[in-house]
Amino acid sequence: MKQLPSFTLIALSLAALSGCSWIGGDKGYFRDRGSDYLQADQGSPMQLPQGVQTKRLDPLMPIPTHVSNIEQTEFAVPRAGVTTEKKLVDDYSLHQSGQSQWIVAQQIPAQVWSNVMGYFMAQGFRIQSESPQVGQFVTEWQTLANTSAPLAARFGEAAAQMQAQVLVRIEPGVQRNTSEIFLEPQLRQLEGNASVETTHGSFEKTLLDALRTYLVQNQDQQQSVSLLAANRQFDTPDKVNLSEVNGLPVLVLDTSFDRAWSSVGRALEQANIAIEDLNRSASQYEINLAVAPKTQKRGWFKRTFTKDPAKVKPELYQIQLQPMGRQVEVRVMDGAEPATEVKAKSILQRLKASLS
């Protein structure tokens, strides 16, 4: 008798489950009616009362008459065509500040390197030396008349009276993934020519105009990249030394401040050190060693069994850059005071490994 309530509960549950078919399912009240039109019968056309003007209604989506057997025809979705991005003329723009003139390219230095060198070789310049690791090359001294005819024609009579040598520098731009192209020409007169009107400024402007025109006209064919340039970051310092100054570890970079700032930021990313804030005017990066970089996604396991990064106590330090002549010193600060020797050395060693 004690088992009667259990059997009664089971029986009621089975009855309830079996009775759910009248609600859903193929014959239920709330069944899916999306396919009812397949079983619909075609009726006779609607008859209008006499005296009412009729107007033929054309179907909005007529089926083509040449379609014979649509059920047996297999339709394949056509592959989308390859789309190419058309580059704008502004990909190469001339800039001037005071007496300085340069070209800004919307490409990284490794891509610009071979294209700029190709221009000078195509114009008849002979390369005397090249240093891809620092982004510069130098042409030989040669008479302008021995360059290409279009380029020589830009200088008129001066082309036969002068020799020129050009130092070309390609540096990382201020904006990410851009380059700046600088030309430093040197001019000298041939013996017996007393007066030549061409100046360094006009010669540099003429070369920059011709170089920009060449790059814009040939930008669709510019795909080759110098192997040495591609395998090395142009903002990488030539020398990176970890030394001590006043008993504290200091990372010494043998480069300019602009390249040091760029290379340190890239090294922090490669070392998986989270950057909380940066202030270029103060020459300082603020890092947080307690969390992973924001670019790293936390998987399900980490989200479930680890603390939320927002709830983790931050471990903030400052990476301070200080120009010292032709070098830049990098220090680790803990607020207004230098970080401990152990902590500073640990962080700087990670940076050095990424910069080397």
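If you're wondering where the values come from, they're calculated on a predicted model, not measured in any experiment.

Calculation criteria
Residues numbered from 1 in each chain as written. Predicted model: local features only at pLDDT ≥ 70, side-chain atom pairs only at ≥ 80, totals over all residues. Heavy atoms only, no water. Helix = DSSP H or I, 4+ residues; strand = E, 2+ residues; numbered from the N terminus. Buried < 20%, exposed > 50% of the residue type's maximum accessible area, 1.4 Å probe, protein only. Contact = heavy atoms within 4.5 Å. Expected span 1.5 Å × (residues − 1). Arc of directions from axis to C-beta. Salt bridge = Lys/Arg side-chain N within 4 Å of Asp/Glu carboxyl O. Axes fitted to C-alpha atoms, helices over the stretch in contact; angles between N-to-C directions. Parallel < 35°, antiparallel > 145°, perpendicular 65-115°, else oblique. Nonpolar A, V, L, I, M, F, W, Y, C, P; charged D, E, K, R; others polar. Pairing = 2+ DSSP bridges. Polar contact = N/O pair within 3.5 Å; in protein donor to acceptor, adjacent residues only side chain to side chain. Phe/Tyr/Trp six-rings, centres within 6.5 Å; stacked < 30°, edge-to-face > 60°. pLDDT = per-residue confidence, 0-100.

K.L.:
Which parts of the structure should I look at to understand the environment of Asn279?
P.N.:
Examined against the element boundaries, Asn279 turns out to sit in strand β10 (residues 274-279). Here Asn279 falls in the partly exposed class, since its relative accessible area comes to 36%. Taking C-alpha positions, Asn279 is 9.9 Å from Gln320, a pair spaced 41 residues apart along the chain. When neighbours within four sequence positions are excluded, Asn279 is seen to be in contact with Trp261 and Gln284.

K.L.:
Got a minute to help me understand helix α8 (residues 341-355) in this structure?
P.N.:
Note on helix geometry: an α-helix contains 3.6 residues per turn, so any two residues three or four positions apart are oriented the same way. Taking 1.5 Å of rise per residue, 15 residues should cover 21 Å, and α8 covers 21 Å from first to last C-alpha, within 8% of that figure. Residues Ala344, Ile347, Leu348, Leu351, Ser354 and Leu355 constitute the buried set of α8. Taken end-on, α8 shows its buried residues confined to a sector of 115°, consistent with a single buried face. Away from the buried face of α8 by more than 90 degrees, exposed residues Val342 and Ala353 are located. The inward-facing, buried residues of α8 contact β8 (240-245), β9 (248-253), α6 (257-270), β11 (284-288), β12 (316-324) and β13 (327-334).

K.L.:
Is there a simple way to think about the pattern of salt bridges in this case?
P.N.:
Where charged atoms from two side chains of opposite charge approach closely, those side chains can pair. In the structure shown here, the tally under the stated rule is 6 salt bridges. With its nearest N and O atoms 2.9 Å apart, the salt bridge here joins Arg126 to Glu140. One end of the pair, Arg126, is in the loop between α2 (109-122) and β3 (127-131); the other, Glu140, is in the loop between β4 (136-139) and β5 (142-143), with 14 residues separating them in the sequence. Residue Lys343 is joined to Glu315 by a salt bridge in which the shortest nitrogen-to-oxygen separation is 3.2 Å. Remark: Glu315 occurs in the loop between α7 (300-305) and β12 and Lys343 occurs in helix α8; sequence separation between them is 28 residues. Owing to a relative accessible area of 25%, Lys343 belongs among the partly exposed residues under this scheme. Looking at Glu315, the relative accessible area reads 28%, which means it is partly exposed.

K.L.:
Just checking my understanding: could you explain the packing of α6 against α8 for this structure?
P.N.:
When two helices pack together, their arrangement is given by the angle between the helix axes and the distance between those axes. Contact geometry for α6 and α8: axes closest at 8 Å, N-to-C directions at 105°. As summarised for this structure, α6 and α8 are arranged roughly perpendicular, according to the angle between their axes. Touching Ser263, Val264, Arg266, Ala267, Leu268 and Gln270 of α6 are Leu351, Ser354 and Leu355, all from α8. Along the lines of polarity and charge, the residues of the contact of α6 with α8 split into 5 nonpolar, 3 polar and 1 charged.

K.L.:
Sorry, what's going on with the pairing of β12 here?
P.N.:
Here is the key point about a regular strand: its side chains alternate between the two faces of the sheet. When β11 meets β12, the two strands line up antiparallel, connected through 5 bridges. By the bridge assignment for β12, Gln284 is matched with Gln320. Where β12 and β13 come together, 7 bridges link them in antiparallel fashion. Looking at the pairing, Gln320 lines up with Arg331 of β13. A loop of 2 residues connects β12 with β13, the two strands running antiparallel in sequence, and Gly325 in this loop sits at a positive phi of about 70°.

K.L.:
In this structure, what is going on with the pairing of β9? I would like to understand it.
P.N.:
Counting buried positions along β9 yields 5 of 6 residues, so the element is predominantly enclosed. As paired elements, β8 and β9 share 6 bridges and run antiparallel to each other. In the strand pairing of β9, Leu242 is matched with Leu251. Adjacent in sequence and paired antiparallel, β8 and β9 are bridged by 2 residues, among which Asn246 carries a positive phi angle near 55°. Examined bridge by bridge, β9 and β13 share 3 bridges and lie antiparallel to one another.

K.L.:
Which parts of the structure should I look at to understand the environment of Glu184?
P.N.:
Within the fold, Glu184 resides in strand β7 (residues 179-189). Judged by its relative accessible area of 33%, Glu184 is partly exposed. When the C-alpha atoms of Glu184 and Val138 are compared, they prove to be 9.4 Å apart, with 46 residues separating the residues in sequence. Not counting residues up to four positions away in its chain, the partners in contact with Glu184 are Gln165, Val166, Leu167 and Arg169. Engagement of the side chain of Glu184 in a polar contact is seen with the side chain of Arg169, the distance being 2.8 Å.

K.L.:
What's the story with α2 in this structure? I'm lost.
P.N.:
In this model, α2 (14 residues) spans 20 Å end to end at C-alpha, consistent with the 20 Å of a helix rising 1.5 Å per residue. For α2, the full list of buried residues reads Pro109, Ala110, Val112, Trp113, Asn115, Val116, Met117, Tyr119 and Phe120. Downstream of α2 by one or two residues, Gly124 has phi in the positive range, about 95°.

K.L.:
How should the packing of aromatic side chains be read in this particular structure?
P.N.:
One pair of aromatic rings is described through two measures. These are the centre distance and the angle between the planes. Enumeration according to the criterion identifies 8 aromatic pairs in this entry. With a centroid separation of 5.6 Å and 90° between ring planes, the pair formed by Trp113 and Phe137 is classed as edge-to-face. Separated by 24 residues along the polypeptide, Trp113 in helix α2 and Phe137 in strand β4 bring together distant segments of the chain. Clustering of aromatic rings is evident, with ring pairs tying together Trp113, Tyr119, Phe120, Phe125, Phe137 and Tyr214.

K.L.:
I tried to follow the confidence of the model for the protein on my own but got confused; where do I start?
P.N.:
Detailed reading of the predicted coordinates is not advisable wherever pLDDT is low. Considering every residue of the protein, the mean pLDDT works out to 76; 72% of them sit at 70 or more. Note that residues 83-89 has pLDDT below 50 and, in this model, 5 contacts with residues that lie over four places away or in other chains. Contacts for the low-pLDDT stretch residues 227-232, under 50 throughout, to residues beyond four places or in other chains number 11 contacts.

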